[in-house]
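Here is what each chain is made of, one letter per residue.
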Amino acid sequence: MAPLNLGIVGPGQVARVFAAAAIESGAARITRVLGRGRERLEDFTAEFGGRAFDDRLAFFMDEDPAAPMEAVYIATPHTEHLQPARLALECGIHVLCEKPLVLPLGKCSGLIRHARRTRVALMEGWMYRTHPQVAALFELISAGELGTIRRVESEFAFDCPFDPQHRLFKFALGGGAILDVGGYPLSLALGVARAEAGGGSDILQSAALVAAEGELTPSMVIGDARATVRIGEIEAHLRAAITRDGGCSARVVGSRATATLEHPFMPEGRRRGLVGAILIDREGHVERREVPSPLDCFALEALAFRDLVRSGQWLGPTWPLVDHDESSVIARLMIDWRQAIYETLPQDFQLPEGLTLSDLELDVPDLPEFL
Ligand SMILES: NC(=O)C1=CN([C@@H]2O[C@H](COP(=O)(O)OP(=O)(O)OC[C@H]3O[C@@H](n4cnc5c(N)ncnc54)[C@H](OP(=O)(O)O)[C@@H]3O)[C@@H](O)[C@H]2O)C=CC1
Ligand SMILES: O=C1CO[C@H](CO)[C@@H](O)[C@@H]1O
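What counts, and at which threshold
- Residues numbered from 1 in each chain as written.
- Chains lettered and ligands numbered in written order.
- Predicted model: local features only at pLDDT ≥ 70, side-chain atom pairs only at ≥ 80, totals over all residues.
- Heavy atoms only, no water.
- Domains from an automatic or database assignment.
- Contact = heavy atoms within 4.5 Å.
- Buried area = accessible area lost by both parts, 1.4 Å probe.
- Salt bridge = Lys/Arg side-chain N within 4 Å of Asp/Glu carboxyl O.
- Polar contact = N/O pair within 3.5 Å; in protein donor to acceptor, adjacent residues only side chain to side chain.
- Helix = DSSP H or I, 4+ residues; strand = E, 2+ residues; numbered from the N terminus.
- Nonpolar A, V, L, I, M, F, W, Y, C, P; charged D, E, K, R; others polar.
- Buried < 20%, exposed > 50% of the residue type's maximum accessible area, 1.4 Å probe, protein only.
- Phe/Tyr/Trp six-rings, centres within 6.5 Å; stacked < 30°, edge-to-face > 60°.
- UniProt positions renumbered as here; feature names shortened; annotations may be inferred.
- 1 Å grid on protein atoms, 1.4 Å probe; cavity = no way out; pocket = protein on both sides within 12 Å on 5 of 7 lines; lining within 4 Å.
- Points joined across faces, edges and corners; volume = space filled by probe spheres on them.
- Pairing = 2+ DSSP bridges.
- Axes fitted to C-alpha atoms, helices over the stretch in contact; angles between N-to-C directions.
- Arc of directions from axis to C-beta.
- Near = heavy atom within 4 Å.
- Areas by Shrake-Rupley, 256 points an atom, 1.4 Å probe, with all protein chains shown as cover.
- Sits in = over half its atoms within 2 Å of the grid points.

A. Just the domain arrangement of the protein chain, in detail. Parsing the protein chain into structural domains produces domain 1 (4–127) and domain 2 (129–346). Computed over C-alpha atoms only, the centres of domain 1 and domain 2 are separated by 24 Å. With 41 residues of domain 1 at the interface, the matching set in domain 2 holds 43 residues. Interface area, domain 1 with domain 2, both sides summed: about 3,800 Å², of which 69% is carbon and sulfur. Ranking the residues of domain 1 by area buried against domain 2 places Met 123, Trp 126 and Met 127 at the top, with a combined share of 25%. Put simply, Glu 70 and Arg 310 hold a salt bridge, and the shortest N to O gap is 2.7 Å. Counting across the domain 1 and domain 2 interface gives 12 residue pairs in polar contact (both at pLDDT 80 or more). In terms of residue count, helix α1 (residues 13–24) provides more of the side of domain 1 that touches domain 2 than any other element does, eight residues in total. Looking at side-chain class alone, the side of domain 1 that touches domain 2 contains 25 nonpolar, nine polar and seven charged residues.

The structure is reproduced here in structure tokens:
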């Protein structure tokens, strides 16, 4: 299958990892790169190819046949996903967008509807879901090997030194643990519930936040967050942090056995890790099932996106990847999770830079049109 002619929006840290994997796997060749800093742009294009742009409209509208663009990978900070995504859809360009798909989160379903209306492929970048270890876990559950699932425990927590200018700690850029890594344990729990229900997305409608708590950083973003979420009969205990080194975990407790993914979100605990493993505990007897992959998650994700685009269908990725229904429910639950934590603050709390909570996610009026 022919590689995608891909544009990169935001040539930062993760874009470098993704571009290397996409090129090596044959999923894409980089034809355009959009950034703000000339030096960073030139470093990126020197390493991965493509023409450099520092103007968004020129990047999308350019008609140079030597640098055609069928699709974009958006890897800017969270708050900068929506505008390029909407512009891409207007131009009929397919979109693979890093998580969380958009801020304000309340715009997620609207963006998905817009993509479907314009018949453009839109995929949220949950790379961990492309690794065969996740499909293997879901198959175990669907096959009933664990018995009835009642509980999921999952966490993604790392300790980043506090820097108020870093995107992780800047409220105005969508900083905080829930928006950055909360979606990993959350989507894992939703995926488990779907697997138990046979893969369909109807069960997702039952998902609801039961309880939440967390602590803020001095820059007023959520540093460490816990949540209990109910999905059908399953209770999920979730944790996300950018201020505490808790690592990554995923444990699925069934009536017959408990399954634990050794490294749920990055096989071998590494971005370019290949070999996943599931530990299955049956009354104290633990079986370790390895699930190797010839390619890492970023390469698998790039290939899945290429296949989606080439398939010509615009309804988005399909189970066991995060599909559009799941993206919408992740966004809905993240709104509730964040809101529940901010609601525990005194009424007169102050957000930085004169912002209000609704500037990022709640009941916002339509953003101005960009064309
Ligand atoms: N799937 C995964 O494993 C990972 C996903 N991510 C996701 O990718 C996105 C980017 O993260 P990461 O690569 O760590 O971020 P970086 O800060 O390393 O890169 C962000 C890029 O966006 C550009 N940019 C555009 N607008 C802005 C702005 N207003 N402020 C700051 N930078 C801007 C940056 O600067 P310039 O334009 O100057 O080049 C840079 O190229 C996030 O949404 C995050 O959730 C992040 C890490 C891993
Ligand atoms: O998605 C992600 C995965 O891991 C990173 C930390 O290592 C996060 O910051 C990021 O946004």
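B. Structural context of the environment of Ala 195. Within the secondary structure layout, Ala 195 lies in helix α7 (residues 177–196). Here Ala 195 falls in the buried class, since its relative accessible area comes to 1%. The contacts of Ala 195, once residues within four sequence positions are left out, are Phe 138, Ile 141, Ser 142 and Trp 319.

C. How the structure looks around the packing of aromatic side chains. Applying the stated criterion across every chain yields a total of 14 aromatic pairs. A centroid spacing of 4.9 Å and a plane angle of 10° characterise the contact between Phe 138 and Trp 319, whose relative ring orientation is stacked. One end of the pair, Phe 138, is in helix α6 (residues 132–142); the other, Trp 319, is in the loop between α8 (297–311) and α9 (324–342), and 181 residues separate them in sequence. Ring geometry for Phe 171 versus Tyr 342: centroids 6.3 Å apart, planes at 85°, classification edge-to-face. In this pair, Phe 171 sits in the loop between β7 (149–159) and α7 while Tyr 342 sits in helix α9, placing the two residues 171 residues apart along the sequence.

D. Molecular detail of the UniProt feature "domain: Gfo/Idh/MocA-like oxidoreductase N-terminal" (unreviewed entry) in the protein chain. When the UniProt feature table is mapped onto this chain numbering, "domain: Gfo/Idh/MocA-like oxidoreductase N-terminal" (unreviewed entry) sits at residues 5–125. Secondary structure content for residues 5–125 is 40% helix and 21% strand, while the C-alpha to C-alpha distance between its ends is 18 Å.

E. Structural detail: the layout of surface pockets. Looking at the largest pocket, its volume works out to about 1,200 Å³. As for the largest pocket, its lining consists of 37 residues, of which Gln 13, Ala 75, Thr 76, Pro 77 and Arg 167 are closest to the centre. Looking at the lining of the largest pocket, the elements with two or more residues in it are α1, β7 and α7. Each residue belonging to the lining of the largest pocket can be placed in one class, and the counts come to 17 nonpolar, 10 polar and 10 charged. Residues lining the lining of the largest pocket come from more than one domain, with at least three contributed by each of domain 1 (4–127) and domain 2 (129–346).

F. Structural context of the sheet that holds strand β12 (residues 258–261). Strands sit in the order β8-β9-β10-β7-β11-β12-β13-β14 across an open sheet of eight strands; the sheet is mixed. A single partner strand is all that each edge strand has here, and the edge strands are β8 (208–216) and β14 (285–291). Along the sheet, successive strands turn relative to each other by an average axial angle of 15°, direction set aside. In the sheet, β12 pairs with strand β13 (residues 276–282) via four bridges, with the strands oriented antiparallel. Following the sheet pairing, Thr 258 is matched in β13 by Asp 281. Packing against the sheet, α7 makes contact with β7, β9 (222–231), β10 (234–241) and β11 (243–254), and its axis sits at approximately 160° to β7. Most of the contacts of α9 go to β8, to which it runs at about 50°, and overall it touches β8, β9 and β10.

G. Quick peek at helix α2 (residues 38–48). Those residues of α2 that sit buried are Leu 41, Phe 44, Thr 45 and Phe 48. Down the axis of α2, the sector holding all buried residues measures 95°, keeping them to one side. Facing away from the buried surface of α2 by more than 90 degrees, the exposed residues are Glu 39, Ala 46 and Glu 47. In the core, the buried residues of α2 are packed alongside β1 (4–9), α1, β2 (28–34) and β3 (51–53). One or two positions beyond α2, positive phi appears at Gly 49, with a value near 90°.

H. The arrangement of the site of ligand 1 in detail. Close to ligand 1 lie 24 residues; Gln 13, Val 14, Arg 36, His 78 and Lys 99 are nearest. Between His 81 and ligand 1, the recorded distance is 3.0 Å, taken from a side-chain N or O atom to an oxygen atom. Bound to the protein, ligand 1 loses 87% of the 890 Å² it would expose on its own. In this structure, ligand 1 is accommodated by the largest pocket. At the level of secondary structure, the elements contributing two or more residues to the shell around ligand 1 comprise α1 and α7. Split by domain, the residues of the shell around ligand 1 number at least three in each of domain 1 (4–127) and domain 2 (129–346).

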